[in-house]
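Below, each chain spelled out in residue letters.
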Amino acid sequence: MAITLPDLTPLENTLWLTLAGKALDYQAKHSILHDKTAYDIVRKLDYDAGQFKLSASPVVGIAHRSLVMDNIVRQFIAKNPDAVGLDLGAGLDTRVYRVDPPTTVEWYDVDLPGVAKTRQLVLPDRPHSHTIGSDLNDPRWLSEVPADRPAVIVADGLIGFLSKEELATLLDRLIRHFPTGEICFNGYTRFHVWAARKYPGTQSVAPYLRSPGFDTPQDIERLEPRLKLVREIFLGREPEVADYPWTTRLASFLTAWSTSISRKGTAIQHYRF
């Protein structure tokens with residue numbers, strides 16, 4: 001049966017870029033994320049994942065950063081089996097299916113209302129997994145999330161779409177809401193904001209980027225001093241680079257020696273509070 005999707009706003013439509021990247025990674029000879037569900041969604045909807053003209057580098061970047069965040073979530077849940085899992089700006093991400101947390105974990109995917117409706121149409125129901133349709137700048141959505149458990153929070157691809165003030169307010173609300181927790185996201189430096197406007201594959205989302213760019217993890221700590229850096233993870237230094245296409249693998253090896261240059265690639269910032 002054909003699926004009739006809701007009319008999405010231009011901002012909501014940015015979800016297709018990361019979904020396409022994960023579907024293309026699944027089709028690659030050496031997949032990083034192995035996200036069959038993402039591929040199945042694209043195939044079921046007959047969506048043209050090739051329209052973004054993504055080269056190998058952003059495809060493996062999208063897949064690899066999701067894998068790193070999945071592992072952070074798994075490690076946190078292993079230590080806190082009663083945790084709340086929170087995926088902010090979730091799009092059509094299938095993290096809860098990939099991580100497969102125990103039933104003691106309550107999981108929440110949060111995104112704009114049109115995206116939330118789309119998730120409910122194309123993703124299977126899962127016990128203890130919830131979808132919240134809301135603008136993250138609206139403080140009311142947090143009232144639907146338990147406040148008495150440790151939380152592991154993922155914001156994959158989100159930070160670039162928030163202004164500095166919006167990010168500061170969101171972090172403050174999250175830290176006030178939960179007793180303790182961890183949060184991870186891919187960093188957006190000033191270089192990333194500039195590059196997104198120049199690279200053909202990301203120009204479709206560039207008009208919606210609001211972040212000024214944060215060049216170091218310490219910039220985030222200064223914005224929200226209650227966050228303490230656990231680790232800055234440079235994808236170019238991770239073992240999965242061995243599965244990159246050879247041109248991307250070579251570029252990763254050449255840039256991995258320098259922290260400042262590595263930050264121009266994909267880096268995951270992992271904090272606790």
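See above for the structure.
Reading guide: rules and limits
Residues numbered from 1 in each chain as written. Predicted model: local features only at pLDDT ≥ 70, side-chain atom pairs only at ≥ 80, totals over all residues. Heavy atoms only, no water. Helix = DSSP H or I, 4+ residues; strand = E, 2+ residues; numbered from the N terminus. Buried < 20%, exposed > 50% of the residue type's maximum accessible area, 1.4 Å probe, protein only. Contact = heavy atoms within 4.5 Å. Salt bridge = Lys/Arg side-chain N within 4 Å of Asp/Glu carboxyl O.

1. Examining the side chain of His-64
Part 1: Turning to its location among the elements, His-64 is positioned in helix α3 (residues 56-79).
Part 2: The class of His-64 is buried, set by a relative accessible area of 0%.

2. A short note on the side chain of Thr-202
Part 1: Take Thr-202: it is sitting in the loop between α7 (190-198) and α8 (217-223).
Part 2: If sequence neighbours within four positions are ignored, Thr-202 has contacts with Leu-17, Ala-195 and Ala-196.

3. A look at the pattern of salt bridges
Part 1: Across all of its chains, the model carries 22 salt bridges by this definition.
Part 2: Of the charged contacts, one joins Asp-156 and Arg-95 as a salt bridge, the two residues approaching to 3.4 Å between their closest N and O atoms. Of this pair, Asp-156 sits in the loop between β4 (151-155) and α6 (164-177) while Arg-95 sits in helix α4 (residues 95-99), and the two are 61 residues apart along the sequence. The pair Asp-156 / Arg-95 is uniform in exposure class, with both members buried.
Part 3: One salt bridge in this structure joins Arg-190 and Asp-215, with 2.5 Å as the shortest N-O distance. In this pair, Arg-190 is assigned in helix α7 and Asp-215 in the loop between α7 and α8, connecting sequence segments 25 residues apart.
Part 4: You can call Arg-190 exposed: its relative accessible area is 56%.
Part 5: Where salt bridges share partners, they join Lys-22, Asp-35, Arg-65, Asp-70, Asp-87, Asp-93, Arg-95, Arg-98 and Asp-156 into one cluster.

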